[in-house]
Amino acid sequence: MIDAGLISARGAWVLKHPGTFARRALAGFRSNQGLILAGAVAYYALLSIVPLLLVSVIALSHVIDQADLLETVGRYLDWITPGQSKPILAELRYVLENRAVIGWVLLATMIFFSSLAFSVLEKAMSVIFLHRFAVRRRHFAVSALLPYCFVLFLGAGLLVVTLVSSVLEAVGERSIALFGNAWSLSGLSGVLFYLLGVGVEIVFVTAIYLVMPVGRLPVRHALIGGITAAVLWELTRRVLMWYFSSLSQVGVVYGSLTTAIVVLFSLEIAATLLLVGAQVISEYERVAPEGDDSFLIPGYEQDETPQRAQDPALKSD
């Protein structure tokens, strides 16, 4: 692990020079072609989203009622694709109603496509965290299995969220008597639903920052990145919902392609914020004030060129 004094020195420098740090992070994101990487991640996420949801719902429907699963998926799908959950849910219901025709070949194909987004995301992370990738490369088998591990992780997360949502719905149907008046708990239930969604966002993004880069990333760095990305996405999501419901004429321009275009646009913004957070973490690992390399990561120069010396923090995966 990186020495605590090293981390505090970096943190003190960043707090003292936030503008310089932000410029370095944005310059690094631009030099890494971050928008192109985000576009690739968004495109493959668009290919993956329906197969991923289908595989998860089909697997979990043996444990939980399918209607409850679809309700949970619809509620939180709006967090990723603002205003476009209904067409996706309709497609999911149609396929699930005809799932008797789904054979092993089609199921294997869906599992493969559901992992594509995570495969591309791992490659994008290797570009942003090039200083780690240059020192130590991940074994091929690990890279091959990692996307499917994330598919299982999302499936487990959907199971937990569905169970918790059922409890929150039950809470919302109750009321408490206080000072002779009955007070409904539906408002509290709504707040808890929202906090659950934010918590799921933070956990998922933090897991990506922890696992996708090569080497061991400190949990606090990943958590700060996860919280930052979740807050930025929440602000962006609300702007998107207002724009698509009030000002956008995308339906007039694209017609029947509207859903795909809006979903792709939302996914690209989400991917951009995710990669910006990763770039901030990457830049933080390499930061050093001008003329002072006393707490620069060993093996990396300020011009961001990886050297052969290895950072002890990256020796264990």
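Residues numbered from 1 in each chain as written. Predicted model: local features only at pLDDT ≥ 70, side-chain atom pairs only at ≥ 80, totals over all residues. Heavy atoms only, no water.

### As for the overall build of the protein chain
Each helix and strand in the protein chain was counted, giving 13 helices and 2 strands. Counting over 317 residues, the protein chain shows a buried share of 44%. Long-range pairs, those at least 24 residues apart, make up 74% of the contacts in the protein chain with a sequence separation of at least 6. Carbon and sulfur atoms make up 68% of the accessible area of the protein chain, which totals about 16,800 Å². (Helix = DSSP H or I, 4+ residues; strand = E, 2+ residues; numbered from the N terminus. Buried < 20%, exposed > 50% of the residue type's maximum accessible area, 1.4 Å probe, protein only. Contact = heavy atoms within 4.5 Å. Areas by Shrake-Rupley, 256 points an atom, 1.4 Å probe, with all protein chains shown as cover.)

### Observations concerning the packing of helix α4 (residues 66–80) against helix α11 (residues 219–246)
Axis separation between α4 and α11 bottoms out at 9 Å; the angle between their running directions is 95°. One element, α4, and the other, α11, form an angle in the roughly perpendicular class. The residues of α11 that touch α4, namely those facing Asp-78, Trp-79 and Ile-80, are Trp-233, Glu-234 and Arg-237. For the contact of α4 with α11, the class distribution of residues is 3 nonpolar, no polar and 3 charged. (Axes fitted to C-alpha atoms, helices over the stretch in contact; angles between N-to-C directions. Parallel < 35°, antiparallel > 145°, perpendicular 65-115°, else oblique. Nonpolar A, V, L, I, M, F, W, Y, C, P; charged D, E, K, R; others polar.)

### Quick word on the packing of aromatic side chains
Under the criterion given, the structure shown has 3 aromatic pairs. The interplanar angle of 75° and the centroid separation of 6.5 Å between the aromatic rings of Phe-118 and Phe-204 together place this pair among those described as edge-to-face. Linking Phe-118 in helix α7 (residues 116–128) with Phe-204 in helix α10 (residues 186–211), this pair joins segments that are 86 residues apart in sequence. Residue classification places Phe-118 among the buried residues on the basis of a relative accessible area of 6%. Of the residues examined, Phe-204 reaches a relative accessible area of 24% and is grouped as partly exposed. (Phe/Tyr/Trp six-rings, centres within 6.5 Å; stacked < 30°, edge-to-face > 60°.)

### Brief notes about the pattern of salt bridges
Per the stated rule, a full pass over the model turns up 1 salt bridge. The partner of Arg-237 in a salt bridge is Glu-234, with the nearest N and O atoms 3.0 Å apart. One end of the pair, Arg-237, and the other, Glu-234, are both in helix α11, 3 residues apart, so they sit about a helical turn from each other. Residue Arg-237 is classed as buried on the basis of its relative accessible area, which comes to 6%. (Salt bridge = Lys/Arg side-chain N within 4 Å of Asp/Glu carboxyl O.)

### Details of unusual backbone geometry
Positive phi is not limited to glycine here, since Gln-33 has a value of about 55°. Examined against the element boundaries, Gln-33 turns out to sit in the loop between α2 (18–31) and α3 (34–60).

### Topic: a nonpolar patch on the surface
A cluster of nonpolar side chains, Tyr-43, Leu-47, Ile-111, Phe-112, Phe-113 and Tyr-148, forms an exposed patch at the surface whose accessible area comes to about 500 Å². Those elements that provide at least two residues to the nonpolar patch are α3 and α6 (104–114). With 3 residues, the top contributor of residues to the nonpolar patch is α6. Take Phe-112: it is sitting in helix α6. Owing to a relative accessible area of 41%, Phe-112 belongs among the partly exposed residues under this scheme. (Patch = residues over 30% accessible without salt bridge, like charges linked within 9 Å, V, L, I, M, F, W, Y side chains within 5 Å.)

### Details of the nonpolar core
Of all hydrophobic cores here, the largest spans 28 residues; its most connected members are Leu-121, Met-125, Phe-150, Ile-208, Tyr-209, Met-212 and Leu-275. Secondary structure elements with two or more residues in this core: α3, α7, α9 (140–172), α10, α11 and α13 (258–286). Counting residues per element, this core draws most heavily on α7, which supplies 6 residues. The residues touching Phe-150, leaving out its near neighbours within four places in the chain, are Phe-118, Phe-204, Ala-207, Ile-208, Val-211 and Met-212. Counting 24 residues, the second-largest nonpolar core is a separate cluster that includes Val-73, Leu-96, Ile-102 and Val-263. (Core = buried A, V, L, I, M, F, W, Y, C linked by side-chain atoms within 4.5 Å.)

### Some words on the confidence of the model for the protein chain
Scored by pLDDT, the protein chain comes out at a mean of 75, with 75% of its residues at no less than 70. Here residues 1–6 scores under 50 on pLDDT; set against residues more than four positions off or in separate chains, the count is 8 contacts. (pLDDT = per-residue confidence, 0-100.)

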